[in-house]
Structure formats: C-alpha cells, structure tokens
Amino acid sequence: MRIPFLNLHKLNKRFENNFKSQFDTFLTSGHYILGTKLTEFENAFASYCNVSFCIGTGNGLDALTLILKAYIELGKLNIGDQVIVPANTFIATLLSVKQAGLIPVLIEPDEDSFIINVRNVQQKITPKIKAIITTHLYGQVYGMDELKEFCSNAQLLLIADAAQAHGAIDQNGNKAGSIAHAAAFSFYPSKNLGALGDGGAITTNNTELANCIKKLRNYGTSEKYRNELIGINSRLDELQAAFLIEKLNLLDDDNNKRREIALRYSNEITNENIKLPFWNGSKNHVFYVYVIRVKNRINFCNYLNENQIGHMIHYPIPPHKQKALTNEFKNQSFPITEKISNEIVSIPLNPILEVSEIDYIIQVLNNYTCQE
Ligand SMILES: Cc1ncc(COP(=O)(O)O)c(C=O)c1O
C-alpha cells in the first residue's frame, strides 16, 4: 500500500461542486479584491473563533508582521524592541519580528510539549523584551493560562502564532485565536483550514488594533487614495475567501477526524523505539501534524520509504541554524530545539485517510526495529 503524506487534491475534491459555484458567483460579481466574500469570511471566522474582529491578509507571515507593525503604529512597541520567539517554530514567526523592525529573542521549548513555557521565558526576560509570540505548534494550544498571567503581570503583549491551530480549544473552552491579545493564522493549502493558494488572517478583540491592521494591510488607507500610514499590500484574496467559507463549514468535522486518528495512533502504536506526541486527549489539539520521535531517524525514514509511507520533518533545520540567520545567532545554542529537530518525523494524519491506511501505518510502525 502506498500512502502519500497528504493528498491535497483528494482533500479538496470533497468541495469541488461548492468551489465551482463560488467561482461562478465570484466571476459574475466583477469585484475581485476587498469584496463581499472577504467580509463574509472575516465575519464567519471571527464568529468561529469567538472574537470581535478578523482581518484577512495575504498569508500567515504577513498576518504576524501586521500585528507587530500595528502595535508599533499604536505606540505599544517601538522599533528595536525585543520579542520572545520559540526557537523551534517555523521560520516565519521569527521573520515577522525582523520584518517589523524588532529583535527576536529565541527561547527553548518544553521538551515534552514542544511549546514554550513561563519557566523558559523567565530565564531570558529583560526590560528590553516587550512582547512574546508563542506558537500553537503542530496544532496544540498549551500553557496559555500561565503565559497570559505572566504577560499581564509583566505588562507584555502576548501574540499567538495560530497558523497551525484552526479550531483548537484550550482547557477553559477558549478557541485558538481568542486567547492572546492577537493571533495570526495561515491558510496555506496544507493547513487544517487551507485555501487553494496563499492566505492568512488576524483575530483580536482589540478595536484599535483591528482598525489599524485594516489600514496597514491596504496601503495604510481607510479611504481610497488617502494614505494615513505606511502600509503594505496584503489582502486575503476574494476568491480564496470564497473557498475558505466553504471549507470552514467542515473544519470541526475534519478536526474531529484528525483527533480520532491521533487517538488510534496514540493507543495502538506501541513500539518502544517510537516516542509518541504529548497530548492530554482534549480538544486542545487539532493535529495539523502528528509528530513522533525516533532515535535513528535516517534508518526510520528509510524504513518508511521501503514501506511506501509518506512522511515529512517539521522542521529539519531550526531557524537559528539556517544560513540566513547563522550570523545573528552564531554564539547561541539551543540544545533542546536541536535534539528535537534531529529526532522528529511527521507521519500521515489527515481527514481523508482511509481506515485501511491507518491500520497499515500502525502495523508498519509497530514492526519497526531500531538499528543503531
Ligand atoms: C507556525 C507557522 N507560522 C507562520 C506560518 C506562515 O504562514 P504562511 O506560509 O501562510 O505565510 C506558517 C505556515 O507556513 C506556520 O506553520
């Protein structure tokens, strides 16, 4: 049996008829940017996340950058301020800080959950740090209560990189996107809520912040040809918004399926050579990816190749080891992050996996024998 890591065509084929009718409406409308579909999606996603505002953007990186730029416009951050970022996040989290003219300070994650915690934050905290970005990595919302309390006491801004966590719910029943001061989402095609191209969004309850971001994403304007701020062009495309409206209807079902598969993996993969992901079994996890840890990864990946099971590594090189950033972080080491990135492997987990495929993956993983 051959199982791809993710078959995006099969995933999206489920929406084919609705996509086609959305496209027809879009084409006929003659209004292709900042139109009614974008507003409809923004309202739907704000309501889904239980927040007052959603602002669509061109992608997830811009969503993060726009939050930071807006805080600078509002005087809550100043160019050159420092921002805490997890060392093991996707590089976009860190790049957003640099693009906004701020300085990223990397911190190690907790070794079990892969997510930053207050203990690790406290080790790096200085008066120059004005904000924290935490990533709901792999789809898991974890440790937010403690981080929120810490940020509130220390008067720091708390921003969530929720690019991988559409629909995740914390232990208090709060949706990803509604927990921090502001959150950024990506609708990159492989995401739990993925477009058919690039897309992103910001969610927040802060009216001032939302109004400022709305201007910044559209050349700094609220009225055509009147530029109040130095903005950028990063608007969620009208057609992608129309597709996302359709996909949002199935997001909870898809996330439930993801959790069901994760539960099967977590209960039935019993090979002691494979370390399973940390999860408390609740809806705090939407399993954008299911990430296991193995000692001899090359050997393990060869074994998966022989058995035709697609896999990926999220992420093989941590940001501080990337060529683009080695100069900036050359005297810093992040041993937990490096260890994690050497051992992790993402195995197929998506809502269109067949039961026979799940059975096969479990069987193949249980038959793996580690050779040092
Ligand atoms: C954690 C994280 N942050 C930010 C991004 C950036 O999103 P985008 O690719 O839409 O710019 C992504 C996705 O690619 C991501 O996984």
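As the structure is a computational prediction, the values presented were derived from the model and not from experiment.

**Some words on the domain arrangement of the protein chain**
Right, so step 1: When its domains are assigned, the protein chain resolves into domain 1 (8–107 + 114–248) and domain 2 (251–366).
Right, so step 2: Taken residue by residue, the interface counts 33 residues in domain 1 and 34 residues in domain 2.
Right, so step 3: Counting each side, the surface lost to burial between domain 1 and domain 2 is near 3,100 Å², with a carbon and sulfur contribution of 59%.
Right, so step 4: Note that Lys98 and Glu328 form a salt bridge whose closest N and O atoms lie 2.5 Å from each other.
Right, so step 5: Counting residues per element, the ones that place at least two in the side of domain 1 that touches domain 2 are helix 1 (8–13), helix 5 (91–99), strand 3 (103–107) and helix 9 (238–248).
Right, so step 6: In terms of residue class, the side of domain 1 that touches domain 2 is made up of 18 nonpolar, 9 polar and 6 charged.

**Structural notes on the sheet that holds strand 3**
Right, so step 1: The strand order 1-7-6-5-4-2-3 describes an open sheet built from 7 strands, whose pairing is mixed. Only two strands of the sheet have a single neighbouring strand rather than two, namely strand 1 (53–57) and strand 3. Averaged over neighbouring strand pairs, the angle between their axes works out to 25 degrees when direction is ignored.
Right, so step 2: Here strand 2 (residues 82–86) runs beside strand 4 (residues 129–135); their pairing, made up of 3 bridges, is parallel. If you follow Ile84 over to strand 4, its bridge partner there is Ile132.
Right, so step 3: Sitting on the sheet, helix 3 (residues 36–49) is in contact with strand 1, strand 6 (182–186) and strand 7 (200–204), with an inclination near 130 degrees to strand 1.

**Side note on the state of the cysteines**
Right, so step 1: Inspection of the entire model under this criterion finds 0 disulfides.
Right, so step 2: Looking at the unpaired Cys49, the closest cysteine sulfur is the one in Cys54, lying at 7.1 Å.
Right, so step 3: We classify Cys49 as buried; its relative accessible area is 1%.
Right, so step 4: The thiol of Cys301 is not disulfide-bonded; the next cysteine sulfur, from Cys370, is found 12 Å away.
Right, so step 5: Overall, the relative accessible area of 12% leaves Cys301 in the buried class.

**Observations concerning the pattern of salt bridges**
Right, so step 1: Overall, the coordinates contain 15 salt bridges when judged by the stated rule.
Right, so step 2: Glu223 serves as the salt-bridge partner of Arg226, at 3.4 Å between the closest nitrogen and oxygen.
Right, so step 3: Owing to a relative accessible area of 47%, Glu223 belongs among the partly exposed residues under this scheme.
Right, so step 4: The partner of Asp359 in a salt bridge is Arg264, with the nearest N and O atoms 2.8 Å apart. Here Arg264 lies in helix 10 (residues 251–268) and Asp359 lies in helix 13 (residues 355–366), a separation of 95 residues in the sequence.
Right, so step 5: For Arg264, a relative accessible area of 24% translates into the label partly exposed.

Reading the values: the criteria
- Residues numbered from 1 in each chain as written.
- Predicted model: local features only at pLDDT ≥ 70, side-chain atom pairs only at ≥ 80, totals over all residues.
- Heavy atoms only, no water.
- Domains from an automatic or database assignment.
- Contact = heavy atoms within 4.5 Å.
- Buried area = accessible area lost by both parts, 1.4 Å probe.
- Salt bridge = Lys/Arg side-chain N within 4 Å of Asp/Glu carboxyl O.
- Helix = DSSP H or I, 4+ residues; strand = E, 2+ residues; numbered from the N terminus.
- Nonpolar A, V, L, I, M, F, W, Y, C, P; charged D, E, K, R; others polar.
- Pairing = 2+ DSSP bridges.
- Axes fitted to C-alpha atoms, helices over the stretch in contact; angles between N-to-C directions.
- Disulfide = S-S within 2.5 Å.
- Buried < 20%, exposed > 50% of the residue type's maximum accessible area, 1.4 Å probe, protein only.

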